[in-house]
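# Structural features, examined
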Amino acid sequence: MIGYITIGTNDLERAGQFYDALLSEIGAERFMGVEGYFISWAVDGKDPSLALIVPIDGNPASPGNGLTVGLIMKDTEQLHSFHNKALELGAKDDGAPGPRDGGSYYAGYFLDLDGNKICCYCV
């Protein structure tokens, strides 16, 4: 159902480098973009995709209140690796990997370089 998710950034080059390194952990690569405006990543060059964008209205990007981007992982090993990589790249821990909701859901949370909340999870 989801075709793409776009999150804002105030430094496209810095954020692009962060997501290049992080998303390569799950096999995603850049597949679309416009210099100085947006970058999009996907697995196998098809939707769904995650994109970074510089706000078109010229106002600073800010994280959405209540917005969380959830990225599914194949297993807990990949989830821990992905979460650790995000922290190595400068993300802020927002919930260490572990079981949630009585153990039916396993997730870790972090805030990217612009403060966007990202959840990596597996069920």
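Okay, so let's go over this structure. Here the residue numbers are simple positions, counted from 1 along each chain's written sequence. Restriction of local features to residues with pLDDT of at least 70 applies here, the model being predicted, together with a cutoff of 80 or more for giving and counting side-chain atom pairs; totals for whole chains, interfaces and linings are based on all residues. The basis for every side-chain value is the complete set of heavy atoms in the structure, and neither hydrogens nor water enter the calculation.

Turning our eyes to something else, we now look at the packing of aromatic side chains. Centres within 6.5 Å are what make two rings of Phe, Tyr or Trp a pair, Trp counting through its six-membered ring; a difference in plane orientation under 30 degrees is then read as stacked, over 60 as edge-to-face, and the rest as tilted. Taken as a whole and assessed by the stated rule, the structure comprises five aromatic pairs. Here Tyr19 and Trp41 contribute two aromatic rings whose centre-to-centre distance is 5.9 Å and whose plane-to-plane angle is 45°, an arrangement assigned as tilted. With Tyr19 in helix α1 (residues 12–23) and Trp41 in strand β3 (residues 38–43), the pair connects residues that are 22 residues apart, well separated along the chain. Of the two residues examined, Tyr19 and Trp41, each falls in the buried class. An angle of 55° between the planes, with centres 6.2 Å apart, marks the rings of Phe82 and Phe110 as tilted. With Phe82 in helix α2 (residues 76–88) and Phe110 in strand β7 (residues 105–111), the pair connects residues that are 28 residues apart, well separated along the chain. Grouping residues by exposure puts Phe82 and Phe110 together as buried. Only DSSP runs of H or I with at least four residues qualify as helices, and only runs of E with at least two residues qualify as strands; both kinds are numbered from the N terminus onward. Burial status follows relative accessibility: with a 1.4 Å probe on protein chains alone, a residue under 20% of its type maximum counts as buried, one over 50% as exposed, and anything between as partly exposed.

On to the sheet that holds β7. A pair of strands is treated as paired once DSSP finds two or more bridges between them. Pairing is mixed across the open sheet formed by four strands, whose spatial order is β5-β8-β7-β6. Every other strand in the sheet has two partners, leaving β5 (68–72) and β6 (92–100) as the edge strands with one partner each. Neighbouring strand axes in the sheet, compared pairwise and without regard to direction, differ in orientation by 20° on average. Pairing of β6 with β7, which is carried by six bridges, proceeds in the antiparallel orientation. Paired with Pro99 across the strands is Tyr106, a residue of β7. Only heavy atoms enter the contact rule, under which two residues are in contact if any of them lie within 4.5 Å. Simply put, an axis is a line fit to the C-alpha atoms, just over the touching stretch for a helix, and the angle between two N-to-C directions goes from 0 to 180 degrees. In this fold α2 packs onto β5, β6, β7 and β8 (117–122), with an angle of close to 10° to the strand it touches most, β7.

Don't take any of this as a statement about function, it's just geometry.
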